[in-house]
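So you can see what is in the structure, the chains are spelled out below.
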Amino acid sequence: MKTASGSWGPQWLLRMSPDKQDTLLKMMVLAIAAVLSFSTRLFSVLRFESVIHEFDPYFNYRTTRFLAEEGFYNFHNWFDDRAWYPLGRIIGGTIYPGLMVTSAGIYHLLNFLNITIDVRNVCVFLAPLFSSFTTIVTFFLTKELKDAGAGLVAAAMLAIVPGYISRSVAGSYDNEGIAIFCMLLTYYFWIKAVKTGSIYWGTLCSLAYFYMVSSWGGYVFLINLIPLHVLALMITGRFSHRIYLAYSTVYTVGTLLSMQISFVGFQPVQSSEHMAALGVFGLCQIWGFVDYLRSKLSYEQFTLLFRSLVLLTGTIAFGAAAVATAMGKISPWTGRFYSLLDPSYAKNNIPIIASVSEHQPTTWSSFYFDLQLLVFMFPVGLYFCFTKLTDANIFIVMYGVTSIYFAGVMVRLMLVLAPVMCILSGIGVSSILTAYMKNLDTNRKDKKPKKPDSSYPLKNEIANGVILIMTAFLIMYTFHCTWVTSEAYSSPSIVLSARGGDGSRIIFDDFREAYYWLRHNTPEDAKVMSWWDYGYQITAMANRTILVDNNTWNNTHISRVGQAMASTEEKAYEIMRELDVGYVLVIFGGLTGYSSDDINKFLWMVRIGGSTDRGAHIKEMDYYTPQGEFRVDKEGSPTLLNCLMYKMCYYRFGAVYTESGKPTGYDRVRNTEIGNKDFELDVLEEAYTTEHWLVRIYKVKDLENRGA
Amino acid sequence: MDIESMNRYVSPINPAVFPHLTVVLLGIGIFFMAWFFVYEVTSTKFTRDLYKELSVSLVASVFMGFGVLFLLLWVGIFV
């Protein structure tokens, strides 16, 4: 074997056999794409620090820390009495443990090798790591659907697509970070199983499905998409023994494994969301049996048997399903998933689901902002899939169409759309480039000018033009994605920054300042009341008991807190004594101009507070002016100007100058001077206000020493 | 053992050199690793040579190992 000690440089590269060049190129592109997907998610770590972002990730971080310190059995049986006081929360049974187990596993492995990385850093960097893995899995998946070229384009596009980056940036330690990887892995194994019909791939698919179920509630999408695919194959007449084998393996093993997660429990056989999978499984068995009979019986015997059996089984199955639903054995669709089918359901019935900004329908501009070029190449990819329809292509077409619908209904599900957009656009771009590259005239030495094809004038020029335009599109896509990642999706939310008048950077670290004040200056068993947004952060950083948090599982309890915030001091004091509240925390943005503060969220507190019977005296119209406006100045409604939330936010604010040329007490978010300025608090006393007045903490006064 | 009599720990390699060492060692390591992978993917049962495989992979793993060590030290994970 000749060793490569002789020729170096570009000649050596060209002297390699095409096979080796091909492999080297593929490996290089994939490696660069994987490294790119990791590095593009690091903006906030470089600009601020390695810190967990937002709200939900703090809960995941706290549970991961608990798992890493206490071990799996304590984690699985954990009853948390520091949240939802006085109810508590069964954490072991109400979370998807995949994320925490993955992080704790990586943490223990690294520490075993004496690479001492802290749990927090493992959590911060887990999502970028898994996005690298996702890039690689996308390559393999698209390779199965089309070819390696399309796979490389799809992988490169997925590395930087903003729709996926938004939920997997470094610091965003949430379920979606690993869920997308698990989802694409499951789909890859499913496609392999469908193509080969072997139990091996089917079982691998079930194991990947188990990992998916353990990581995200969105697994319901998978367990409905795969049966839908099988159904589509049946309808188009492509059902064969391979699909039968693949689906039977995946459904049985996958469902059994998915029921091992305590949160899922027996839902796969009881809830309507899983019934489609069961139905298609039954249909598969019937179809397989029918095919078997057809091969054994004569024609007349077969048709008679077939018709009578179909009638019989049809009526039995339908009757059974109807009886089971009527008796309540099969539960109807849960609120969160039902609102995907009927978007107006949440708005009319469950204000908590309607109030979350991630659950709103997606705007047109969001699609372009998150996907840019992919929006246009998606139909092109669909077209190329239809030109060469295979079993696998039908799957990706269905995945694309269903996820477009769901992404349109809820903006959070844009995340599920991003990978399929990348795959189909990859197929589209690759097909276009391959088609036009063939037309290129590559005679450099002009020895034999190619005879111009009379039926296709300007073949070479058009090919050059199309390839140039496509390259320009891809370059613009890259610039757009990097700009969006840098400007829109890299803010930690817990640390804010702004440019001062002289261009210097001002950091607002008020949230952590307030939480650490709580941690060091309040008794261990103090209960803190705040709106549910901040619950997870308070338990994770301040380590104090809270009343309501982001899990929002108990609407009545949240409604009680809403009533306390929206009532006058006396009525609120009754509620606070009833719930043993020691401290109250509010977010106020009037001094800095921070617009996501509690006054802007106040109307939701009113709506949720008034939605249960004990809050029937709270009516939203009372908080508006007679003209129907929500104002905090002198024209504002007196109910609003005297409620607890108003008083807590604007206590002593009336004496502060916020902007030059404006009177004291000028609220920089609502852009008016506040109405109720000089008042004293009766039942609270101010405990702490942070540097920029962003977080204000009040202590609830004890009962009077002598009775009234 | 009181803390005053102990000597302050000084790294045997100047920390300012960590980035350069990382890039050089990892670069060479990745080159050999790519060579090894391409060789494995494109060779058949008959053309494969054990000694070539072993030597390339040995060199690759040595350089990658040290490269990763200096990468960790450069990033701040002091192993």
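Residues numbered from 1 in each chain as written. Chains lettered and ligands numbered in written order. Predicted model: local features only at pLDDT ≥ 70, side-chain atom pairs only at ≥ 80, totals over all residues. Heavy atoms only, no water.

(A) Structural context of the overall build of chain B. Within chain B, the regular secondary structure consists of 2 helices and 0 strands. Taking 2.2 N^0.38 as the reference for a compact globule, 79 residues should give roughly 12 Å; the C-alpha atoms of chain B span a radius of gyration of 19 Å, well beyond that estimate. Within chain B, the fraction of its 79 residues that count as buried is 27%. Summarising the internal contacts of chain B: among those between residues at least 6 apart in sequence, 62% fall at separations of at least 24. (Helix = DSSP H or I, 4+ residues; strand = E, 2+ residues; numbered from the N terminus. Rg over C-alpha atoms; globule rule 2.2 N^0.38 Å. Buried < 20%, exposed > 50% of the residue type's maximum accessible area, 1.4 Å probe, protein only. Contact = heavy atoms within 4.5 Å.)

(B) Focus on the interface of chain B and chain A. The interface of chain B with chain A comprises 15 residues on the first partner and 14 residues on the second. Taking both partners together, chain B and chain A bury about 1100 Å²; carbon and sulfur atoms supply 81% of that area. Inspection of the region where chain B meets chain A yields 0 salt bridges. Where chain B meets chain A, there are 0 residue pairs in polar contact (both at pLDDT 80 or more). Secondary-structure elements contributing two or more residues to the side of chain B that touches chain A are helix H1 (18-42) and helix H2 (50-75) of chain B. Ranked by residues supplied to the side of chain B that touches chain A, first place goes to H1 of chain B with 8 residues. Tallied by class, residues from the side of chain B that touches chain A come to 11 nonpolar, 2 polar and 2 charged. (Buried area = accessible area lost by both parts, 1.4 Å probe. Salt bridge = Lys/Arg side-chain N within 4 Å of Asp/Glu carboxyl O. Polar contact = N/O pair within 3.5 Å; in protein donor to acceptor, adjacent residues only side chain to side chain. Nonpolar A, V, L, I, M, F, W, Y, C, P; charged D, E, K, R; others polar.)

(C) Main features of the UniProt feature "domain: AglB-like core" (unreviewed entry) in chain A. If you check UniProt for "domain: AglB-like core" (unreviewed entry), the listed places come out as residues 518-586 of chain A in our numbering. What you have in residues 518-586 of chain A is 49% helix and 13% strand, and the ends, taken at the C-alpha atoms, are 13 Å apart. (UniProt positions renumbered as here; feature names shortened; annotations may be inferred.)

(D) Representation of the pattern of salt bridges. All names here are of chain A. In the structure shown here, the tally under the stated rule is 26 salt bridges over all chains. Measuring nitrogen to oxygen at the nearest pair gives 2.6 Å for the salt bridge that ties arginine 412 to glutamate 176. Here the residue arginine 412 occupies a position in the loop between helix H22 (391-409) and helix H23 (414-437), and glutamate 176 occupies one in helix H10 (residues 176-196), the gap between them amounting to 236 residues. Between arginine 577 and aspartate 702 there is a salt bridge, and its shortest N-O distance comes to 3.2 Å. Of this pair, arginine 577 sits in helix H28 (residues 569-578) while aspartate 702 sits in the segment after strand E11 (695-700), and the two are 125 residues apart along the sequence. A relative accessible area of 36% means that arginine 577 is categorised as partly exposed. A relative accessible area of 61% places aspartate 702 in the exposed class. One network of salt bridges, with partners in common, ties together Arg167, Asp174, Glu176 and Arg412.

(E) Inspection of the packing of helix H4 (residues 56-70) of chain A against helix H7 (residues 119-145) of chain A at higher detail. Residues and elements named next belong to chain A. Following both chains from N to C, one finds H4 and H7 inclined at 130°, their axes separated by 10 Å at the closest point. It follows that H4 is oblique to H7 by the angle criterion. Seen along the crossing, H4 lies across H7 with a hand that is right-handed. Between H4, through Tyr61, Thr64, Arg65 and Ala68, and H7, the contact on the second element is made entirely by Val119, Arg120 and Cys123. Its residues placed into classes, the contact of H4 with H7 shows 4 nonpolar, 1 polar and 2 charged. (Axes fitted to C-alpha atoms, helices over the stretch in contact; angles between N-to-C directions. Parallel < 35°, antiparallel > 145°, perpendicular 65-115°, else oblique. Left-handed = near helix turned anticlockwise from the far one by under 90°.)

(F) Up close: the sheet that holds strand E10 (residues 684-689) of chain A. Residue and element names in this part refer to chain A. Sheet architecture is open: 5 strands sit in the order E6-E5-E7-E11-E10, paired in mixed fashion. Single-partner strands in this sheet number two, and they are strand E6 (545-546) and E10. Both strand E5 (residues 527-529) and strand E7 (residues 583-587) contribute to a ladder of 2 bridges, which runs parallel. Residue pairing across strands places methionine 529 opposite valine 584, the latter belonging to E7. (Pairing = 2+ DSSP bridges.)

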